[in-house]
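Structural overview
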Protein chains: 2
Amino acid sequence: MKTLGASTTEGDRYTLPVIKDPNTGSIVAESLAIAEYLDKTYPEKPIIPRGADALIGLFEPAYCSVAYGNVVKLILTKTLEIMNDSNREYFIRTRLELLGETRWETVSGENAQQQWEEFRKGLDEIDKWYQKSGGKWIMGDTFSFADMVVACRTMWWNKIFDEEQLRELHSWNGGRWARVLADVNAECGTNL
Amino acid sequence: MKTLGASTTEGDRYTLPVIKDPNTGSIVAESLAIAEYLDKTYPEKPIIPRGADALIGLFEPAYCSVAYGNVVKLILTKTLEIMNDSNREYFIRTRLELLGETRWETVSGENAQQQWEEFRKGLDEIDKWYQKSGGKWIMGDTFSFADMVVACRTMWWNKIFDEEQLRELHSWNGGRWARVLADVNAECGTNL
C-alpha cells in the first residue's frame with residue numbers, strides 16, 4: 001500500500017479497503033471516504049443521498065457500538081477460528097491494542113452463550129432502526145451506504161458462525177439480516 | 001406528570017419535555033418522540049425529512065457523546081452554579097446515579113481548563129459534520145431536528161458559562177454555535 005501511494009487511516013495504519021481509480025489515478029482508503037469519492041466522481045447512482053452526508057457518517061460507528069460493542073470478544077473468538085496461524089498472532093496483538101488489554105482470552109461455554117444473547121439484543125436494536133425507517137432500507141425507500149454497512153456485517157457473520165448459530169441468527173428479526181444482504185446484492189448487481 | 005397521564009422515558013423516570021396536544025388529547029414525552037408525533041400530526045413542515053427517520057435518531061446520542069461525553073463533569077459543575085439549593089441536591093444525586101459514581105467532585109482549576117480544551121475539541125468534531133453537510137444545516141439545505149439539538153445545547157452553554165468563556169466559545173469554529181441558534185430561531189419564529 002505504501003508503493004501504491006495509499007494514505008493511512010485511523011491510528012496511522014494502512015487499512016483495507018483501498019481503491020485506485022484507473023480513470024483518474026486517485027487512490028482512496030477507508031470505506032466511507034471511498035463511497036464519498038465514488039459519489040463525487042460518478043454521480044449517476046449516489047449511495048449517500050443528498051443532505052445525508054453528515055448523518056450517514058454517524059451510521060457505521062453507531063451500528064458497531066449497538067450490534068457488537070458488548071460482544072466484540074465473541075466476534076473476535078469466532079473470527080480467529082477461520083484464520084491461519086500467522087494471521088492469528090497478528091490479529092490478537094492488534095486487537096488487544098485496540099481494546100487496551102494485554103492478555104487474550106477465548107470466549108467459550110456459558111460466557112459465549114451470554115454474549116450470543118447480547119448479540120441478539122444488539123441486532124434487535126438495529127432492527128428497530130429498519131422498522132422506524134418504514135421501508136426496506138435504513139433511509140426508507142432510498143438505498144444508501146448504511147445498508148451496505150449492515151450487509152457487509154451479515155457477510156462477516158456468515159463466515160465466522162457455525163451452522164447452528166447461523167440458523168438461529170437468520171431466524172431473528174423475521175429474517176432481516178439475510179434479506180438486507182440479498183437486497184443489497186440485488187441493488188448492486190453483486191453476489192456476496 | 002402522573003396526573004397529566006404522561007408516560008415515563010428512559011430509566012423509568014418522568015422527564016421533560018412533555019406535551020399535551022389540545023387538538024387530539026395526545027400526551028407525548030421525550031424530544032424525539034414529540035418531534036415524530038408533531039411531524040405525523042401536522043405534516044406541513046416536517047423536521048424529520050423523509051427517509052431520515054432512523055438516521056435522525058442517531059444524532060442526539062452522537063452529539064452528546066462527541067461534544068461533551070468527556071467533559072460532562074465540567075458541564076455539571078457549571079450547571080450546578082445556577083441552581084438553587086434544593087435542586088442542587090437532587091441534581092447531584094441523580095447525576096451521580098447516571099454516571100455510576102458515589103461522590104460528587106466539583107471541577108475547578110487546571111482540571112477545569114483541561115476539560116474546557118476537550119470541550120473545544122468535541123465541538124471541532126461537530127463542526128466537521130456541518131462542513132461535511134455542505135449547507136447551513138446538518139442535512140445540507142434541509143432544516144431538521146438535528147439542528148434543534150445543536151441549538152438547544154448552545155442555549156444551555158449560554159446559561160452556564162461565564163462571559164469570558166462565552167466570548168471564547170463563540171469565537172470557535174467561525175462563530176458556528178451562536179449562528180446555528182440564530183438560524184434555528186429564524187426558521188422557527190422563536191427567540192430563544
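Residue numbers restart at each chain and count upward from 1, following the sequence in its written direction. Just so you know, chain letters begin at A and ligand numbers begin at 1, following the order they were written in. Only residues with pLDDT of 70 or above have their local features reported here, since the model is predicted, and side-chain atom pairs are shown and tallied only from 80 upward, although totals for entire chains, interfaces and linings are computed over all residues. As a convention, hydrogens and water are excluded, and side-chain values are obtained from all of the structure's heavy atoms.

Here we take up the overall build of chain A. Counting its secondary structure elements, chain A contains eight helices and two strands. Only DSSP runs of H or I covering at least 4 residues are called helices, and only runs of E covering at least 2 are called strands; the numbering of each starts at the N terminus. Taken from the N to the C terminus, the helices and strands of chain A come in the order β-β-α-α-α-α-α-α-α-α. With C-alpha atoms as the basis for the radius of gyration, the globule rule is written as 2.2 Å multiplied by the number of residues raised to the power 0.38. In summary, chain A has a C-alpha radius of gyration of 18 Å against a globular reference of 16 Å for 192 residues, a match within 12%. Each principal axis of the C-alpha atoms in chain A carries an extent, and together these give about 50 × 45 × 30 Å. Looking at chain A alone, contacts between residues at least 24 apart form 57% of all its contacts between residues at least 6 apart. When the accessible surface of chain A is summed, it comes to about 10,700 Å², and 50% of that surface belongs to carbon and sulfur atoms. Across chain A, 22 positive and 29 negative side-chain charges occur, with their mean positions spaced 1 Å apart. By the convention used here, residues are in contact when the closest approach between their heavy atoms is within 4.5 Å. Using the Shrake-Rupley algorithm and a 1.4 Å probe, accessible areas are obtained, with residue cover drawn only from the displayed protein chains. The convention is simple: Lys and Arg are positive, Asp and Glu are negative, and His and the chain ends are not counted. To locate a charge, the coordinates of NZ of Lys, CZ of Arg, CG of Asp or CD of Glu are taken.

Our next topic: the pattern of salt bridges. Think of it this way: side chains of opposite charge can pair up when their charged atoms draw near. Should a side-chain nitrogen of Lys or Arg be within 4 Å of a carboxyl oxygen of Asp or Glu, the pair is scored as a salt bridge. According to the stated counting rule, one finds 30 salt bridges over all chains in the structure shown. The partner of Lys128(A) in a salt bridge is Glu125(A), with the nearest N and O atoms 2.9 Å apart. With Lys128(A) and Glu125(A) both in helix α5 (residues 109-133) and three residues apart, the pair spans about one turn of that helix. With relative accessibility at 46%, the residue Lys128(A) sits in the partly exposed group. Measuring nitrogen to oxygen at the nearest pair gives 2.7 Å for the salt bridge that ties Asp85(B) to Arg88(B). Here the residue Asp85(B) and the residue Arg88(B) both occupy positions in helix α4 (residues 85-99), the gap between them amounting to three residues, near one helical turn. Only protein chains enter the accessibility calculation, which uses a 1.4 Å probe. A residue is then buried if its area is under 20% of the maximum for its type, exposed if over 50%, and partly exposed in between.

It is worth spelling out the relation of the copies chain B and chain A at this point. The least-squares superposition of copies is restricted to C-alpha atoms, and to residues with a pLDDT of at least 70 in both copies. Here chain B sits on chain A after a turn of 180° about the axis and a move of 0.0 Å along it, with an RMSD of 0.0 Å. In symmetry terms, the pair is related by a two-fold rotation axis. Proximity to the rotation axis, assessed at the C-alpha, singles out Leu55(B) in chain B; its C-alpha lies 3.1 Å from the axis. In this assembly the copies share their binding face: 100% of the residues contributing to the interface of chain B also contribute to that of chain A.

Here the focus is a negative patch on the surface. Patches in this entry comprise residues that are over 30% relatively accessible and not in a salt bridge; like charges within 9 Å are linked, as are nonpolar side chains (Val, Leu, Ile, Met, Phe, Trp, Tyr) within 5 Å. Together, Asp162(A), Glu163(A), Glu164(A) and Glu168(A) make up a region of like negative charge exposed at the surface. Overall, the relative accessible area of 31% leaves Glu168(A) in the partly exposed class.

On to the environment of Arg179(A), then. By the element assignment, Arg179(A) lies in helix α8 (residues 176-188). Sequence-wise, Arg179(A) and Ala151(A) are 28 residues apart; in three dimensions their C-alpha atoms are separated by 8.8 Å.

Moving on to the UniProt feature "domain: GST N-terminal" (unreviewed entry) in chain A. UniProt positions are given in the numbering used here, feature names are shortened, and annotations may be inferred rather than shown by experiment. Using the residue numbers shown here, the UniProt feature "domain: GST N-terminal" (unreviewed entry) corresponds to residues 1-46 of chain A. Here residues 1-46 of chain A is 24% helix and 13% strand, with 27 Å between the C-alpha atoms at its ends.

Residues Met1(A), Tyr14(A) and Leu16(A) make up a contiguous nonpolar surface patch of roughly 310 Å² in combined accessible area. By the element assignment, Met1(A) lies in the segment before β1 (18-20).

Here we come to unusual backbone geometry. Generally, phi is negative for residues other than glycine and the peptide bonds are trans, each holding for most cases. Leu16(A) connects to Pro17(A) through a cis peptide bond whose omega is 0°. Of note, Pro17(A) is situated in the segment before β1.

Next up on the list: the interface of chain B and chain A. Of the residues lining the interface, 18 residues belong to chain B; the matching set on chain A comes to 18 residues. Values labelled buried area give the accessible surface lost by two parts on being combined, using a 1.4 Å probe and summing over both. Summing the contributions of chain B and of chain A, the shared interface buries around 1,600 Å²; its carbon and sulfur component is 70%. Together, Leu55(B), Leu58(B) and Lys132(B) form the three largest contributors to the area buried by chain B at its contact with chain A, with a combined 39%. There are four salt bridges connecting chain B and chain A. With its nearest N and O atoms 2.9 Å apart, the salt bridge here joins Lys132(B) to Glu36(A). Pairing of N or O atoms within 3.5 Å defines a polar contact, subject to two protein rules: one partner must be a possible hydrogen donor and the other a possible acceptor, and residues neighboring in sequence count only if both atoms are side-chain atoms. Across the chain B-chain A interface, the total number found is four residue pairs in polar contact (both at pLDDT 80 or more). Looking at the side of chain B that touches chain A, the elements with two or more residues in it are α1 (31-41), α2 (53-68) and α5 (109-133) of chain B.

The subject of this paragraph is the packing of helix α6 (residues 145-160) of chain B against helix α8 (residues 176-188) of chain B. All names here are of chain B. Interaxial distance between α6 and α8 falls to 8 Å at its minimum, and their mutual angle equals 120°. It follows that α6 is oblique to α8 by the angle criterion. Crossing of α6 over α8 shows left-handed handedness. From α6, Asp147, Met148, Val150, Ala151, Thr154, Met155 and Asn158 reach across to α8, where they touch Trp177, Ala178, Val180, Leu181, Val184 and Cys188. Under the convention adopted here, Pro, Cys and the residues Ala, Val, Leu, Ile, Met, Phe, Trp and Tyr are nonpolar, Asp, Glu, Lys and Arg are charged, and Gly plus all remaining residues are polar. Across the contact of α6 with α8, the residue classes break down as ten nonpolar, two polar and one charged. Note on method: axes are straight lines fitted to C-alpha atoms, helices fitted across the in-contact stretch only, with angles between N-to-C directions ranging 0 to 180 degrees. An angle counts as roughly parallel when it lies under 35 degrees, as roughly antiparallel when it exceeds 145, as roughly perpendicular when it falls between 65 and 115, and as oblique in every other case. Throughout, a crossing is termed right-handed when the near helix is turned clockwise from the far one, and left-handed when it is turned anticlockwise from it by less than a right angle.

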